[in-house]
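# Descriptive structure summary
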Amino acid sequence: MPVYSDKVMDHFMNPRNVGEIEDADGIGEEGNPVCGDMMTFYIKVNDSRLSDVKFKTFGCGAAIAVSSIVSEMARGKTLEEARKITPALVAEELQGLPKNKHHCSNLGAQALNKAIDDYLSKQGKPVKTRRREKRNG
Ligand code: FES
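Residues numbered from 1 in each chain as written. Predicted model: local features only at pLDDT ≥ 70, side-chain atom pairs only at ≥ 80, totals over all residues. Heavy atoms only, no water.

## A short note on the sheet that holds strand S1 (residues 26-31)
- One open sheet holds the three strands; their spatial order is S1-S2-S3, and the pairing between them is antiparallel. Each edge of the sheet is formed by a strand with only one pairing partner; in this case those strands are S1 and strand S3 (49-58). On average, adjacent strands in this sheet sit at an angle of 15 degrees to one another, irrespective of strand direction.
- Pairing between strand S2 (residues 38-46) and S3: nine bridges, direction antiparallel. Across the sheet, residue Met39 finds its bridge partner in S3, namely Thr57.
- Running at roughly 175 degrees to S3, helix H2 (residues 61-74) makes contact with S2 and S3 of the sheet.
- Contacts from helix H5 (residues 102-122) reach S1, S2 and S3, with the element oriented near 145 degrees to S1. (Pairing = 2+ DSSP bridges. Helix = DSSP H or I, 4+ residues; strand = E, 2+ residues; numbered from the N terminus. Axes fitted to C-alpha atoms, helices over the stretch in contact; angles between N-to-C directions. Contact = heavy atoms within 4.5 Å.)

The structure is reproduced here in structure tokens:
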């Protein structure tokens, strides 16, 4: 049985920014075929900044906590800054994740990145997908 930090429990029990942005500027979806969990991120962009970030997650408690913290970390950031939100930073912000839950933090960072990619491609801008940081678990 994994032991979760207080912060994971808080974001799992009271997730921030849940929902969908109807007129989203970018949408990113990521899933894990092994556990079957799915995350979708919706972003609004103003002056190259993420003015709004929302998500819908069908997944484990850690996946919900990850989505919630990623949405908080990304809000107000520039696209470039948001790209730097790695799974390791997400796990750190949540005061750690059990080893077998590290893949949940991959999902959050990747879904956000896909939403940024989606926004850029809709703008006709080059999509430079950053090197994915993978964590096992
Ligand atoms: Fe797969 Fe958490 S168990 S995302």
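## Quick look at the nonpolar core
- Among the nonpolar cores identified, the biggest contains 32 residues, and Phe41, Ile43, Leu50, Val66, Val90, Leu94 and Leu112 are the most heavily contacted of them.
- If you list the elements that add at least two residues to this core, you get S2, S3, H2, helix H3 (79-83), helix H4 (87-93) and H5.
- Not counting chain neighbours up to four residues away, the residues in contact with Leu94 comprise Ser5, Lys7, Val8, His11, Ala65, Val66 and Ile69. (Core = buried A, V, L, I, M, F, W, Y, C linked by side-chain atoms within 4.5 Å. Buried < 20%, exposed > 50% of the residue type's maximum accessible area, 1.4 Å probe, protein only.)

## Quick notes on the environment of Gly28
- Within the element layout of this structure, Gly28 appears in strand S1.
- Each C-alpha atom of the pair Gly28 and Glu72 lies 16 Å from the other, and the pair is 44 residues apart in sequence.
- Excluding anything up to four places from it in sequence, Gly28 contacts Met39, Thr40, Phe41, Ala111, Lys114 and Ala115.

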